[in-house]
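The lines below spell out each chain.
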Amino acid sequence: MSRLGPRRRYAASAPRSLLRKLLDYGLAILLLGLLILVAARLDRFETRKEQGTAIVNDGDSITLGAERIRMRGIDAPEYQQACQKAGADYPCGKLARQSLVRLVAGRPVSCSGWQRDRYGRLLGDCRAGDTDLNRTQVQAGWAVAFGDFETEEAVARAAKAGIWAGTFEEPQQWRDSHHDAPVERKHGTLASFGDALREFVRFW
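Residues numbered from 1 in each chain as written. Predicted model: local features only at pLDDT ≥ 70, side-chain atom pairs only at ≥ 80, totals over all residues. Heavy atoms only, no water.

Draft legend 1. Quick peek at the pattern of salt bridges. Summed over all chains, the structure comprises 12 salt bridges. Salt-bridge contacts for Asp-132 lead to Arg-135; the nearest nitrogen and oxygen are separated by 3.6 Å. Given a relative accessible area of 19%, Asp-132 falls into the buried group. (Salt bridge = Lys/Arg side-chain N within 4 Å of Asp/Glu carboxyl O. Buried < 20%, exposed > 50% of the residue type's maximum accessible area, 1.4 Å probe, protein only.)

Following this line, the structure appears as C-alpha cells:
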C-alpha cells in the first residue's frame, strides 16, 4: 500500500487586470516601434567628409568651406589665452594657432567625423597630406588630450614641448573662468553618448 504524503496546495495566480494587460501590450508596441525607427535611421549616421582649403581659427578648430570643424580629441589654448614661462606671460593661444597653421602649410585639409558639438561644429579627425593634425598638435605640445591622445600628451609633457615648457591653465578651466568665452565640455564616453543622441534627434 503506497503512502501518500501531505497534499500541497497551490494558490492560483491572480489574473492580470485589464489595465496591466493594456500597459504590457502598449510597452511592447512602443519598443517594437522604436526598434523599427532606429533600423530605418541607422543609415543616416554616416561619416561626413570635408576637404578643401582650411581657414585656421585657433589651435583646435578650422573652417572648410561652410563647415566649421572642431578637431576631435584635443583641446588647445583659447586664442586670447595667456600661459606662463620663465616668470612672464606669453600668448600661448596665438602660438597654438600658429602651430596649426605651420602644420597645414597651405596644403588641402581633409576632415572626417559624424558627431557634432553643442555649437553645431563637426567633431573631425583632420589631415593635411600625411600629417595627422589632431595627433601632431598634441605631440607638439600646443594642445592637451581631450578624450584621446593621452600617450602623445605624455611624450610632449616629458619633452617640455609647447605649453609644457612653462605653466598654464587647462583650456577648459580657462573658459570656465572667462565668462565672455564659450564654455565647451570634454568629449569623453558620456559626452560622446550625448552627442550621438543629439545627432539622432537632429534627423527627426
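Now that the structure is up, let's keep going.
Draft legend 2. The arrangement of unusual backbone geometry in detail. Residue Phe-149 is not a glycine yet carries a positive backbone phi of 65 degrees. On the secondary structure map, Phe-149 appears in the loop between β11 (144–145) and α4 (150–158). Owing to a relative accessible area of 4%, Phe-149 belongs among the buried residues under this scheme. A positive phi angle is found at Lys-160, which is not glycine, with a value near 55 degrees. Considering the arrangement of structural elements, one finds Lys-160 in the loop between α4 and α5 (171–177). What makes Lys-160 exposed here is its relative accessible area of 57%. (Helix = DSSP H or I, 4+ residues; strand = E, 2+ residues; numbered from the N terminus.)

Draft legend 3. The environment of Gly-87, seen in detail. Tracing the chain through its elements places Gly-87 in the loop between β6 (83–85) and β7 (88–90). Looking at Gly-87, the relative accessible area reads 83%, which means it is exposed.

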